Structures are given as C-alpha cells and as structure tokens.
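# Summary of the model geometry
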Amino acid sequence: MGQRHYMGHDLGHDLLIRGGIVVTAAGGEQRLDVAVSAGRISALLEPGAPIAADETVDADGHYVLPGGIDTHSHVSWPLADGRVTDDGFDGAGAAAALGGTTTLVDFVPPLRPDQRLRDASEERIAQIEAAAPIDVALHPILNRADAGVLADIPEVIRAGLTSFKMYMTYGDRVNDGQIWRLMQQIVAHDGLPGFHAENHDLLTDSLETLVQQGRTAVTDFPESRPALAEAAAIRTVTHMAGKLASPVYVFHVSGDEALAAIRDGRRDGVAVHAETCTHYLTFDESVFARPDGWKFVITPPIRGAHDNALLWEAVERGAVTSVGSDHCAYDAASKSAHPGDHRLTPPGAAGIQARTPVLWDQCVNRRGLTPAHFVAVSSERAARALGLSPRKGTIAVGSDADVVVLDPRRRWRGSDLLPASPRTFDLYDSYEGAGLPTHVFVRGNAVVRDGAFCGSPTTGGFVRR
Ligand SMILES: [Zn+2]
C-alpha cells in the first residue's frame, strides 16, 4: 500500500467513498476507494489507503456506480389547455435522485407560435437553475423550420444544447421536407438530430380503420399505432442521416421492427443511437387488459412479449444506447377520466423515480446480466451519444463526481418510491425489486444520504454540453 497505488493526487479530499465495488461499463467491477475533490473524482485508490477527507462514506458490500442518466423526461410539460403537467424540476429531481439518477436530459418544449428557439431555451434553463437538485441537460424540440429557428440552431448549439428532437407525429410534428431542412442545419453545426419516429399518415390511417370498427378501447390502442409506422419513420430519418454522414438519435424504440430498421441503418454505416424506455423493458401488451390499462397508454405502444425479449437481447449485445423514462407527470384524474377510450387518454406516464431501480432490478436480479451491463445502458453509452462523456457516465479520475452507492440487498416496492408529484400515478406501484441507493452525489454534492433526499436547487443545474 502506498503512494504508488494512487491514480490521482493525494491532497486533502472533500469526500471519500470507502470499500465499495466500483462498476464501469468497460472495466467491470473492482473494489476501490473513490476520492472526490471540488466536484470531481480526484483519485481511485486501493481500499483502505490512508488519506484524509472531510466526509467518509462506508460502501462496504455496496456497489459504487456512475449516476444514472435519464435521456428522456418531460418535466413540467405544457398541456393543450395552457397548464403544465403536475411536477417541477424540484419534485421530479428529488424523485430521480432517490432512485439513483443524477442527470436528466429533458426538453425545451415545443415553441409557441410567437416564440424564438433561443428565448425558449433560456426560459427552460432558468427554470432548471432555479429548482433542479440534480443536473439537467436539454434537447430542444423543433416544431417549425422557419428562418428564425434555422438562425437560432447554431446559437443554441453554442450554448450547449447540442441534441434536438423532432416529432414526426402529433400537432407539433414537422414533415419530411422540414426535417431534411432542419437536419442539414443541425449537422452543419455539429449538433445531433433526434426523432420521435412514427409515420403520421400510417398512424392516422390505422386509427381511422379501427374507429370505423368501433374499436377505441384501451386494448385496441397498440393496433392503432402499429410497429410499421415506427419502422418506416426510422428508415426515413436514418437514410437522411446517412446522406449527411451524421449520427441520429431515435427516442423510445419499442421493439422488433424498430430494432430491425436500426440494425439496417447501422449496417449501412449510419451511427444510429437507439434509446428504449423502462416500460418497454418491463412490460408487454398484456398490461392493456388490466383494470388500470389506461395508465399504460404511452407512445409508441408497449408491444408484445417477443418485442420485449428482443429489446433485452439488444441490451445484452450492446445495441441499445440508452434508457429513458419518458416521464410525463399527468395527474391521475386527467389520465383516468376516460378509461374506456384510448383516444381521450393523454399519452404518457410518470416514471422518473423508477427508471434506475427498475433497470437495476431487471438487469441484474431478473435477467442475469452484469452490473456493467446496467452501467452501460443506465449512463455510460448515453453519456457518449449525447456529448456528456467523459464528464458523466463513468467513475474515472477527472469525471464529475456523480456517484451512486447502491445497496443490492435493499428490497423495495414501486409504491415506496417518491413520486414526482403527489397527484400523479405511475406504472410501477405494484412492482417489487431489490437494490436502492443509500447515497447519491451530484458533482460531489450529497443529494441522498442514508436513503433520504438532501438536495437543493444549488446541488444541481443546467449542463452545458
Ligand atoms: Zn417523450
């Protein structure tokens, strides 16, 4: 033992996490002490190294993991009636932190008709800075391709908002011509184009056919949004990305056909980043027959058991880049107001608190994958794809000290997890798993201690990429 084992400097440290099993996507598992100074990991040491720190956390028998990166959340989301969903960056951030998520990649919401992209981005950043206890990066949503938006794209990329989302369906959709125009501008300034990929015409036609047959129940919902629509849209945007020699980010990939479209794009040389979501990895379409089937109305739909199995196979072989929660905290009353008609059920569900614990439980306890697989899909690959690496997504000297100390034996029920707001609902209330954080740090700031939230608006903030 001694100086030669030091992989970083040995000045006084702010924090020392002792004796845990450090997991990285590349390096597997290693028992190390983790030292933190000035918000960064300052040294990785042989266990028991004689060094001083202001605070010491005993992580013996625990895993020490890079903080989770939720690549897809809709916190405080604008609704059609002018209100927003039932949470804010304070409550959603606390819920995320308790589960072990230290970075959200949320959105700049769709632009109002009179609103500039740069102004909307500043407004969202101010909301984050005022309230978020964890770090938050932003994907701006582009719902127009006019001169103002095109002019603002380079400006917001310079301000650190480097990945974008375009809806190919819904009222805020852009058409293929607009997508091509926006993509060229994003790529010209080294940004990353991303898509809610579902072909709007195919969705419209599928829904119309079902409506004519009187089939609008929640159990008819998946058929109203067929996998064909998802795969067709992915093929369109991966082709465009290929022509621009650009990577492309596909949000919420739901199953077999989408994975096949992505595989083909990759085979053609396009760097396609495939995000899936906790719910596609956890459930299959049998949930729509449950009495609370309305909760699961989320787009694209949760698909068959076969799709679920293929998503897990893709996680195992590294074909899934990231896992988002697609968190959207509707209040339970408005989500459940029309339980018999999926057309009147707002699509989306809260899930920011459950993403990391469910993913850990599914990966490590139920699917026999390794903690390193968990780290890969929970944070490491997302950090690389979204320009957060090497600051985030790994435990390495010089990286942000976004660290989770996880007790693998701690059992939990979904209903034990803190929701983002008291009036929302979630999909995981009856889920039972094992493995929860005891301590969580964001850039060295404690946000969870002994399983209790202790963050504040000063522990997190906007992450400029
Ligand atoms: Zn979403």
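Every chain's residues receive numbers from 1 upward, in the order its sequence appears when written. A pLDDT threshold of at least 70 governs which residues receive local features in this predicted model, and a stricter bar of 80 or more applies before side-chain atom pairs are shown or counted, although totals over entire chains, interfaces and linings include all residues. Excluding hydrogens and water, the side-chain figures rest on all heavy atoms present in the structure.

Inclusion rule: UniProt positions are given in the numbering used here, feature names are shortened, and annotations may be inferred rather than shown by experiment.
Within an unreviewed UniProt entry, the label attached to the chain reads Dihydropyrimidinase, and the organism entered is Pseudonocardia kunmingensis. Taken directly from UniProt, the Cofactor (unreviewed entry) text for the chain runs: "Zn(2+)".

### Points about the pairing of strand E15 (residues 432-442)
To keep it simple, the criterion reads: Working definition: with a 1.4 Å probe on protein chains only, accessible area under 20% of the residue-type maximum means buried, over 50% means exposed, and in between means partly exposed. Under the scheme used here, helices are H or I runs from DSSP no shorter than 4 residues and strands are E runs no shorter than 2 residues, and both carry numbers assigned from the N terminus. We call two strands paired when DSSP finds no fewer than two bridges between them.
The buried count for E15 comes to 10 of 11 residues, which makes it a mostly enclosed element. Here strand E14 (residues 403-413) pairs with E15 via 8 bridges, running antiparallel. Paired with Val-404 across the two strands is Val-440, which belongs to E15. In the sheet, E15 pairs with strand E16 (residues 445-449) via 3 bridges, with the strands oriented antiparallel. Pairing of Phe-441 across the sheet is with Ala-446, part of E16. Once E15 ends, the chain turns through 2 residues before running back antiparallel as E16, passing Arg-443 with a positive phi of about 45°.

### Notes on the coordination of the zinc ion
Reference geometry at the metal: tetrahedral coordination by four donors gives ideal angles of 109.5 degrees; octahedral coordination by six donors gives 90 or 180 degrees. Put simply, the test is: For Na, K and Ca the donor cut-off is 3.2 Å; for every other metal, N, O and S atoms count as donors within 2.8 Å. Water does not enter the count, which can leave sites looking incomplete.
For the zinc ion, the protein coordination sphere consists of His-72 (NE2), His-74 (NE2) and Asp-326 (OD), at 2.0 to 2.2 Å. Going along the chain, you hit the donors of the zinc ion in the pattern H-x1-H-x251-D. Placement of His-74 in the loop between strand E6 (68-70) and helix H1 (89-99) and of Asp-326 in the loop between strand E13 (322-324) and helix H11 (332-335) is noted, with a sequence separation of 252 residues between them. Per residue, the accessibility class of His-74 equals that of Asp-326, and both read buried.

### A closer look at the pattern of salt bridges
Opposite charge on two side chains permits them to pair, given that their charged atoms come into close proximity. To keep things clear, this is the line we draw: The salt bridge definition used is simple: a Lys or Arg side-chain nitrogen within 4 Å of an Asp or Glu carboxyl oxygen.
Here the structure, examined in full by the defined rule, presents 32 salt bridges. Notably, a salt bridge pairs Asp-106 with Arg-124, separated by 2.5 Å at the nearest N-O pair. Placement of the pair is Asp-106 in strand E7 (residues 101-108) and Arg-124 in helix H2 (residues 117-131), with a sequence separation of 18 residues. Assigned by exposure class, Asp-106 and Arg-124 land together as buried. Put simply, Glu-432 and Arg-413 hold a salt bridge, and the shortest N to O gap is 2.8 Å. Here Arg-413 lies in strand E14 and Glu-432 lies in strand E15, a separation of 19 residues in the sequence.

### Remarks on the state of the cysteines
Here a disulfide denotes a covalent bond joining the sulfur atom of one cysteine to the sulfur atom of another. Inclusion rule: Counting rule for disulfides: a pair of cysteine sulfur atoms within 2.5 Å.
Tallied over the entire structure, the rule returns 0 disulfides. You can see Cys-328 has no disulfide; the closest cysteine sulfur is in Cys-277, sitting 12 Å from it. For Cys-363, which is in no disulfide, the shortest distance to another cysteine sulfur is to Cys-277 and amounts to 15 Å.

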